[in-house]
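Descriptive structure summary
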Amino acid sequence: MDASEARNEALLQQDVAQPDLDLRDRSTGGLGWLWALLFVGVLGGMGWFWFARGRNEAPPADMAAAPQGVQVELERVAPGLIQTTSNFVGSLEAAERVALQPE
């Protein structure tokens, strides 16, 4: 056995003795961030659903028994001309005055 073969054999023995300490699952292909994003999205959706459901609950009993509107009577409207006039007699006086003259 020459030196290079001995070295390769030593490296193989070292790899067998020390297991791979890489904790990532290689079967996911490095898509851990995608799973984390999906998890956060699902949690956010559930939180929003819970928040919105709480706002759509039935109103309290005292608000449910609110009084109805006031009843009114309807009248028919007849088409026609309505004319309203007013006559006033008097004079107007300004609070400030300006004298106008040609240049």
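Data block above holds the structure.
We now turn to the structure provided with this report. Keep in mind the model is a prediction, meaning the values are calculated, not measured. (Residues numbered from 1 in each chain as written. Predicted model: local features only at pLDDT ≥ 70, side-chain atom pairs only at ≥ 80, totals over all residues. Heavy atoms only, no water.)

Helix and strand counts for the protein chain come out as 3 helices and 0 strands. Along the protein chain, from the amino end to the carboxyl end, the secondary structure elements read α-α-α. Roughly 11600 Å² of accessible area belongs to the protein chain as shown, and the carbon and sulfur atoms make up 60% of that amount. (Helix = DSSP H or I, 4+ residues; strand = E, 2+ residues; numbered from the N terminus. Areas by Shrake-Rupley, 256 points an atom, 1.4 Å probe, with all protein chains shown as cover.)

Our next topic: the pattern of salt bridges. Summed over all chains, the structure comprises 1 salt bridge. Its salt-bridge partner being Arg-97, residue Glu-93 comes within 3.3 Å of it at the nearest N-O pair. Residue Glu-93 is classed as exposed on the basis of its relative accessible area, which comes to 67%. (Salt bridge = Lys/Arg side-chain N within 4 Å of Asp/Glu carboxyl O. Buried < 20%, exposed > 50% of the residue type's maximum accessible area, 1.4 Å probe, protein only.)

Given two aromatic rings, their pairing is described by the distance between the two centres and the angle made by the two planes. In the structure shown here, the tally under the stated rule is 1 aromatic pair. Here the aromatic rings of Trp-48 and Phe-51 are separated by 5.6 Å at their centres, their planes lie at 40°, and the arrangement is tilted. You can see Trp-48 and its partner Phe-51 sitting in helix α2 (residues 32-55), 3 residues apart, about one turn around the helix. Its relative accessible area of 58% is what places Trp-48 among the exposed residues. (Phe/Tyr/Trp six-rings, centres within 6.5 Å; stacked < 30°, edge-to-face > 60°.)

With that settled, consider a nonpolar patch on the surface. Residues Leu-31, Trp-33, Leu-34, Trp-35, Leu-37, Leu-38, Phe-39, Val-40, Val-42, Leu-43 and Met-46 make up a contiguous nonpolar surface patch of about 1200 Å² in total accessible area. For Leu-37, the position within the fold is in helix α2. (Patch = residues over 30% accessible without salt bridge, like charges linked within 9 Å, V, L, I, M, F, W, Y side chains within 5 Å.)

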